[in-house]
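# Residue-level structural notes
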Amino acid sequence: MRIHILALNGVFDTGLAVVLDAFDIANALAENTGISSLRFQTKVVGLCKTVTTAHGLSVPVTSAARAPTPDIVVMPAINQIVPERLVRALAGGEVQEAGVLLRKWSGRGALTAAACVGTFVLAEAALLDGEEATTTWWLAPLFRQRYPQVRLVEKQLIVQSNAVVTAGAALSHLDLALTLIRRASPELASVTARYLVADARTSQAAYTIPGHLVHTDPLVNKFERWARQRLAEGFSLDQAAAALATSKRTLARRTENVLGKSPLEYFQDLRIERAVHLLETSQASIDQIATEVGYAEGVTLRALLRRKLGRGVREIRGSL
């Protein structure tokens, strides 16, 4: 199976290295254990003779223009994690040239994959239009605003949609590589993950810092402060909009754009966040905490903790 890793200048060192290492280890395990006769023929390709990584390392590459169409092309992240700088990088000639190449390979049947900021390069090339995709969680507001034609599901770590596979934040490059290996051989992917001590992960929601996203929008920031003071009360969108001197539609649109959820969904998330904090830092009972965050019964809070976090009260208290 021919795999091209398209590296641009400023490529995220870890992302490039971990993808290469994952396929190399999979090849070694396939040969040594006889799990699979499949071999991944990886090649780093670029738009110039040498690519300089974000840490200044020089990586010799094969000319992408001369490389044959691959079975899979992987787009590692470029190391631009600040929105303003990323927007400038996306407008640069190298990203635009990469988009032309990616569209050509995709049109010839190549599976296209990207992780973290690399997903922006795919979206810029219109390869994600009409598809579901994920991206690095802290850049989700920018992604959603810039590419409204993409159905963003940033909570998921990996999204497979037709001929495209996308992955979330930085270290999901490994999850992406394992996903691509799994498509060829589930058994080989499982063994490779064990050798790399890589846990099976499906969501990046647990790693998200909502406060980071909230502070990118003044109205959403005000809504968060208003909501935190009223967690014990029932939620009212009418009251929230009136208190913030805005319309219900505007508030709902802004929270959806920034957080990817409705005002009510975010209000419920804040309740869970507060409940977890109290469970970890106080001796209050589950029923007392439930009352403080607006739930009539402790059993309701227990169920929500289990559903949203995959943990129950005992697991949370046991982490103290």
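Attention here is on the structure that accompanies the text. Residue positions are counted from 1 within each chain, in the order its sequence is given. Only residues with pLDDT of at least 70 are given local features in this predicted model, and only at 80 or more are side-chain atom pairs given and counted; all residues enter the totals for whole chains, interfaces and linings. To get the side-chain values, all heavy atoms of the structure are used, and hydrogens and water are removed first.

## Thoughts on the side chain of Asp175
What counts here: Helical segments are the DSSP runs of H or I of at least four residues, strand segments are the runs of E of at least two, and each set is numbered from the N terminus. A contact between two residues is defined here by any heavy atoms of the two lying within 4.5 Å.
Positionally, Asp175 belongs in helix H6 (residues 172-184). Dropping the residues within four chain positions of it, Asp175 is found in contact with Leu157, Ile158, Asp199 and Arg201.

## Comments concerning the pairing of strand S1 (residues 2-6)
Using the following cut-off: Throughout, exposure labels follow a simple rule: accessible area from a 1.4 Å probe, protein chains only, divided by the maximum for the residue type, with under 20% read as buried, over 50% as exposed, and the rest as partly exposed. Here, a strand pair is defined by DSSP locating no fewer than two bridges between the strands. When the strands point away from the viewer and the path from the first strand over the helix to the second turns clockwise, the crossover is right-handed.
Of all the 5 residues making up S1, 4 are buried; the element is thus mostly covered by neighbouring parts of the structure. In this sheet, strand S2 (residues 41-46) lies alongside S1 in parallel orientation, the contact comprising 5 bridges. Within the sheet, the bridge partner assigned to Ile3 lies in S2 and is Thr42. Of the crossover connections in this fold, the one passing from S1 over helix H1 (residues 13-33) to the parallel S2 is right-handed. Both S1 and strand S6 (residues 72-75) contribute to a ladder of 3 bridges, which runs parallel. When the bridges of S6 are listed, Ile5 appears paired with Val74.

## Some words on the pairing of strand S11 (residues 164-167)
Alternating residues of S11 divide into Val164 and Thr166 and Val165 and Ala167, and every residue in both groups is buried. In this structure, strand S10 (residues 158-161) lies alongside S11, joined through 4 bridges in antiparallel fashion. Bridged to Val159 within S11 is Thr166. Connecting S10 to the antiparallel partner S11 that follows it, the hairpin turn spans 2 residues, and Asn162 within it adopts a positive phi of roughly 55°.

## Points about the packing of aromatic side chains
Filter applied, for reference: Any Phe, Tyr or Trp ring, taking Trp's six-membered ring, that has another such ring centre within 6.5 Å forms a pair; planes under 30 degrees apart are called stacked, those over 60 apart edge-to-face, and the others tilted.
Applying the stated criterion across every chain yields a total of 10 aromatic pairs. For the pair Trp226 and Phe235, a centre-to-centre distance of 6.4 Å together with 75° between the ring planes defines the contact as edge-to-face. Phe235 gets classed as partly exposed once you look at its relative accessible area, which sits at 23%. Every member of this aromatic cluster is reached through a ring pair, and the members are Phe223, Trp226, Phe235, Tyr266 and Phe267.

## Brief notes about unusual backbone geometry
Residues other than glycine seldom take positive phi values, yet Cys116 does so here, at roughly 55°. Residue position: Cys116 is located in the loop between strand S7 (111-115) and helix H4 (118-124). On the accessibility criterion, Cys116 (5% relative accessible area) is buried. The phi dihedral of Ala245 falls on the positive side, at around 55°, and the residue is not glycine.

## Some thoughts on helix H3 (residues 93-107)
This is how the line gets drawn: For a helix, the expected span equals 1.5 Å multiplied by the number of residues minus one.
Taking 1.5 Å as the rise per residue, H3 with 15 residues should run 21 Å; its terminal C-alpha atoms sit 21 Å apart, in good agreement. Along H3, the residues that are buried comprise Val95, Ala98, Gly99, Leu101, Leu102 and Trp105. Packed against the buried residues of H3 are S1, S2, S6, helix H2 (83-90), S7 and H4.

## Concerning the sheet that holds S7
Where we set the bar: Here an axis means a line fitted to C-alpha atoms, over the contact stretch when the element is a helix, while the angle between two N-to-C directions is reported on a 0 to 180 degree scale.
Overall, mixed pairing links the 7 strands, which are arranged S5-S2-S1-S6-S7-S11-S10 in an open sheet. Looking at which strands have only one partner, the edges of the open sheet turn out to be strand S5 (62-63) and S10. Strand direction decides the pairing type here: S7 and S11, joined by 4 bridges, are parallel. Looking at S11, one finds that Ala114 is bridged to Thr166. In the packing of H3 onto the sheet, contacts are made with S1, S2, S6 and S7, and the angle to S1 comes to roughly 165°. Of the strands in this sheet, S6, S7, S10 and S11 are in contact with H6, which crosses S7 at around 155°.

## Observations regarding the packing of H1 against helix H7 (residues 186-195)
What counts here: For classification, angles of less than 35 degrees are called roughly parallel, those exceeding 145 degrees roughly antiparallel, those between 65 and 115 degrees roughly perpendicular, and all remaining angles oblique. A crossing counts as left-handed when the near helix is turned anticlockwise from the far one by less than a right angle, and as right-handed when that turn is clockwise. All amino acids are sorted into three groups, where Ala, Val, Leu, Ile, Met, Phe, Trp, Tyr, Cys and Pro are nonpolar, Asp, Glu, Lys and Arg are charged, and the leftover types, Gly among them, are polar.
Between H1 and H7, the least distance of the axes is 9 Å, while the angle of their chain directions is 115°. Considered as vectors, H1 and H7 are oriented roughly perpendicular to each other. The two elements H1 and H7 cross, and the hand of that crossing is right-handed. When H1 is examined against H7, the residues Ala22, Ile25, Ala26, Leu29 and Ala30 are found in contact with a partner set consisting of Leu188, Val191, Thr192 and Tyr195. Per-class residue counts for the contact of H1 with H7 are 8 nonpolar, 1 polar and no charged.

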